[in-house]
Amino acid sequence: MSQKKILVAIDGSEHSHLIVDKAIAYARLFDVTILLVYCHRKFPSILGQPYRDEEISAIMNESEKVISPFLKRIKDAELAVEERVMEEPAGAVISDIARIEKCELIIMGSRGLTNLKGLIIGSVTNRVLQTAPCSVLVVR
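Our subject in this report is the structure included herewith. As the structure is a prediction and not an experimental result, all values here were calculated from the model. (Residues numbered from 1 in each chain as written. Predicted model: local features only at pLDDT ≥ 70, side-chain atom pairs only at ≥ 80, totals over all residues. Heavy atoms only, no water.)

## A few points about the overall build of the protein
This is how the line gets drawn: Numbering of helices and strands runs from the N terminus; a helix is a DSSP stretch of H or I covering at least four residues, while a strand is a stretch of E covering at least two. Between the two quantities, the radius of gyration covers C-alpha atoms and the globule rule is 2.2 Å times the number of residues to the power 0.38. Only protein chains enter the accessibility calculation, which uses a 1.4 Å probe; a residue whose area is less than 20% of its type maximum is buried, one above 50% is exposed, and one in between is partly exposed. Only heavy atoms matter for contacts: two residues are in contact if any of them lie within 4.5 Å across the pair. Areas reported here follow the Shrake-Rupley algorithm with a probe of radius 1.4 Å; residue values treat only the protein chains shown as occluding. Here the positive residues are Lys and Arg and the negative ones are Asp and Glu; neither His nor the chain ends is included. Charge coordinates come from a single atom per side chain, which is NZ of Lys, CZ of Arg, CG of Asp or CD of Glu.
Helices and strands together make up the secondary structure of the protein, namely four helices and five strands. Scanning the protein from its N terminus toward the C terminus, one meets helices and strands in the order β-α-β-α-β-α-β-α-β. Its C-alpha atoms give the protein a radius of gyration of 15 Å, near enough to 14 Å, the size a compact globule of 140 residues would have. Across its three principal axes, the protein shows a C-alpha extent of roughly 50 × 35 × 30 Å. The 140 residues of the protein split such that 37% are buried. For the protein, long-range pairs separated by at least 24 residues make up 73% of all intrachain contacts whose partners lie at least 6 apart in sequence. For the protein, the computed accessible surface area is about 8,300 Å², with 54% contributed by carbon and sulfur atoms. Computed over 18 positive and 18 negative side-chain charges, the separation of the two mean positions in the protein equals 6 Å.

## A look at the sheet that holds strand β1 (residues 5–10)
To keep it simple, the criterion reads: We call two strands paired when DSSP finds no fewer than two bridges between them. What counts as an axis is a line fitted to C-alpha atoms, over the stretch in contact for a helix, and the angles between N-to-C directions run from 0 to 180 degrees.
The parallel open sheet is built from five strands, whose spatial order is β3-β2-β1-β4-β5. Either end of the sheet is taken by a strand with one partner, and the two such strands are β3 (81–86) and β5 (135–139). This sheet shows a mean twist of 20° between the axes of neighbouring strands, independent of strand direction. Note that strand β2 (residues 33–39) and β3 share six bridges and pair parallel. Residue pairing in the sheet places L35 in a bridge with E82 of β3.

## Some points on the pattern of salt bridges
Close approach of charged atoms allows side chains of opposite charge to pair. Rules: Salt bridges are defined by distance alone: a side-chain nitrogen of Lys or Arg within 4 Å of a carboxyl oxygen of Asp or Glu.
Overall, the coordinates contain ten salt bridges when judged by the stated rule. Where E82 meets K5, a salt bridge forms, and the shortest distance between an N and an O atom there is 3.1 Å. Of this pair, E82 sits in strand β3 while K5 sits in strand β1, and the two are 77 residues apart along the sequence. Judged by relative accessible area, which is 28%, E82 ranks as partly exposed. Here K42 ties to E88 by a salt bridge, and the two come within 3.9 Å at their closest N and O atoms.

Take it as geometry only, folks, not as evidence of what the structure does.
Now the structure itself:
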């Protein structure tokens, strides 16, 4: 039998620290693996070589810088963790990843880096709430 998982979506914002804190608490409580998901900006499609490769390398390095501190915190808490770094928009892939990985729960923020004044709930969160194959915990 495979280990149960909770998907934890981060975007590198300050709010991501609260999301990971909540995920660590839930992972300890329910003895599950944390599946840490980060979606970076799209790779350029119209740049020629070697500029395209340089831009892809820069995006991947930036993604590594964002996700590394969160991976470290989870590993320091002695919890099982996997990571997925995705190119697609977060709203389009979080539910799909949760479905494919058979996650028990999705933990994400109410708003992230695209925090718009007056918005009750972020567009990514709203989309995940509508399409998720499992329960979603929205951290404020």
